[in-house]
Amino acid sequence: MVRRIVSVMALSVCIVAPAAAQTVDDIINKNIAAKGGAAKQKAVKTVRMTGKMTVGPGIEAPIVLEMKRPKSMRIDIAIQGITITQAYDGTTGWMLNPMSGRTDPEPLPAEMAKVVEEQADMDGPLMDYKEKGNKVELLGKEQAEGAECYVVRATLKNGDTRTFYIDAENFLEVKMVGKTTVRGTETESDTIVGGWKEVGGMMMPHSIDSGQKGSPMRQKMTIDKVELDVPIDDARFKMLVIKK
């Protein structure tokens, strides 16, 4: 877009609606408030979600997602009676996949560990973004999933970006586009978020549909139950060393 058009648009905004201007912090604060507020979210120490995930055409697998502050996460997916585990204990990311023929847990490759470390952040990259070393910017408004949305892009400390489409009416996310660099190559994925329901005074999504750009394969997770502040032992997130 040429500089002249940008200048005209900027002048138009200043003349027509200066009082209606929203800053990126306004949008983020309204998003946090819509989900229950920062204090209430940070007061939750553990979360356990149970549901199901599509892992192939017509194939659904039970799934359990557990999270614990400050930064631990574990996902268990049961496929044909075999449980696949991926976890992060705040330091180490690891995986156990008997379907690959391995019976011992093994550390995740660095790029995958980077992803699970991000997933282990219970608050996401927008809350306290400055303290996390992230940078944010408001890109404007766009239509996404049938809603008019504010578009907020977060550039993470590691250089990856997450672009959030936040409904301009209720200030809840409807979509997120992520760009991640893996072995020097940038990959792009999108996540459709929906089924927002009240849990413990907070709004939480119960439907998450994600996939890589250009790939026909997508994974849809449907949450049936959310439990807050349930006891979860730290050992659940640790990679076990099996003695032989």
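Attention here is on the structure that accompanies the text.

## Considerations on the overall build of the protein chain
Piece 1. Counting secondary structure elements, the protein chain contains four helices and 15 strands.
Piece 2. Radius of gyration (C-alpha) of the protein chain: 20 Å, near the 18 Å computed for a compact globule of 244 residues.
Piece 3. The buried share of the protein chain, taken over its 244 residues, is 39%.
Piece 4. Sequence-distant contacts in the protein chain: of pairs separated by 6 or more residues, those separated by 24 or more amount to 41%.

## Points about the pairing of strand 2 (residues 59-68)
Piece 1. In this structure, strand 1 (residues 46-56) lies alongside strand 2, joined through 10 bridges in antiparallel fashion. Its bridge partner being in strand 2, Thr 46 is matched across the sheet by Lys 68.
Piece 2. Judged from the six bridges that link them, strand 2 and strand 3 (residues 72-79) form a sheet pairing that is antiparallel. Residue pairing in the sheet places Glu 66 in a bridge with Arg 74 of strand 3.
Piece 3. Hairpin connection from strand 2 to strand 3: three residues lie between these consecutive antiparallel strands.

## Comments concerning the nonpolar core
Piece 1. Residues Val 47, Met 49, Met 73, Ile 77 and Val 226 are the most contacted members of the largest nonpolar core, which totals 25 residues.
Piece 2. Residues contacting Met 49, with those up to four places away along its chain left out, are Ile 63, Val 64, Leu 65, Met 204, Ile 223, Lys 225 and Val 226.

## Structural notes on the packing of aromatic side chains
Think of a pair of aromatic rings as described by two things: how far the centres are apart, and how the planes are tilted against each other in angle.
Piece 1. A complete count under the given rule lists one aromatic pair for this structure.
Piece 2. Lying across the ring of Tyr 165, Lys 175 places its NZ or CZ 5.4 Å from the centre.

## Regarding the pattern of salt bridges
Two side chains with opposite charge may pair up if their charged atoms get near one another.
Piece 1. Across all of its chains, the model carries 23 salt bridges by this definition.
Piece 2. Residue Arg 236 pairs with Asp 76 through a salt bridge whose shortest N-O separation is 3.3 Å. Here the residue Arg 236 occupies a position in the segment after strand 15 (218-228), and Asp 76 occupies one in strand 3, the gap between them amounting to 160 residues.
Piece 3. Among the residues examined, Arg 236 registers a relative accessible area of 29% and is labelled partly exposed.

## Quick word on helix 2 (residues 24-34)
Each α-helix turn comprises 3.6 residues. Residues three or four places apart therefore point the same way.
Piece 1. Every buried residue belonging to helix 2 is among Val 24, Ile 27, Ile 28, Asn 31 and Ile 32, and all of these are buried. The buried side chains of helix 2 occupy one side of the element, clustering within an arc of 130° when seen end-on.
Piece 2. Buried residues along helix 2 sit against helix 3 (38-43), strand 7 (135-144), strand 8 (147-155), strand 9 (161-167) and strand 10 (173-182).
Piece 3. Phi turns positive one or two residues past the end of helix 2, at Gly 36, with a value near 120°.

## Side note on the environment of Gln 80
Piece 1. With respect to the helices and strands, Gln 80 occurs in the loop between strand 3 and strand 4 (82-88).
Piece 2. The spacing of Gln 80 and Ile 59 is 21 residues in sequence and 10.0 Å in space, taken between C-alpha atoms.

## Observations concerning unusual backbone geometry
Piece 1. A cis amide bond links Arg 69 with the next residue in sequence, Pro 70, at an omega value of 10°.
Piece 2. Despite not being glycine, Gln 80 has its phi angle at roughly 50°, a positive value.
Piece 3. Classification of Gln 80 by relative accessible area gives exposed; the value is 74%.
Piece 4. Of note, the phi angle at Glu 145 is positive, near 55°, even though the residue is not glycine.
Piece 5. Relative to the helices and strands, Glu 145 resides in the loop between strand 7 and strand 8.

## Structural notes on the side chain of Arg 48
Piece 1. Among the structural elements, Arg 48 can be located in strand 1.
Piece 2. Within the structure, the side chain of Arg 48 is placed 2.9 Å from the side chain of Glu 66, a separation counted as a polar contact.
Piece 3. Those residues in contact with Arg 48, other than ones at most four positions away along the chain, are Val 64, Leu 65, Glu 66, Lys 225, Val 226, Glu 227, Val 230, Pro 231 and Ile 232.

Definitions and limits used
- Residues numbered from 1 in each chain as written.
- Predicted model: local features only at pLDDT ≥ 70, side-chain atom pairs only at ≥ 80, totals over all residues.
- Heavy atoms only, no water.
- Helix = DSSP H or I, 4+ residues; strand = E, 2+ residues; numbered from the N terminus.
- Rg over C-alpha atoms; globule rule 2.2 N^0.38 Å.
- Buried < 20%, exposed > 50% of the residue type's maximum accessible area, 1.4 Å probe, protein only.
- Contact = heavy atoms within 4.5 Å.
- Pairing = 2+ DSSP bridges.
- Core = buried A, V, L, I, M, F, W, Y, C linked by side-chain atoms within 4.5 Å.
- Phe/Tyr/Trp six-rings, centres within 6.5 Å; stacked < 30°, edge-to-face > 60°.
- Lys NZ or Arg CZ within 6 Å of the ring centre and 35° of its normal.
- Salt bridge = Lys/Arg side-chain N within 4 Å of Asp/Glu carboxyl O.
- Arc of directions from axis to C-beta.
- Polar contact = N/O pair within 3.5 Å; in protein donor to acceptor, adjacent residues only side chain to side chain.

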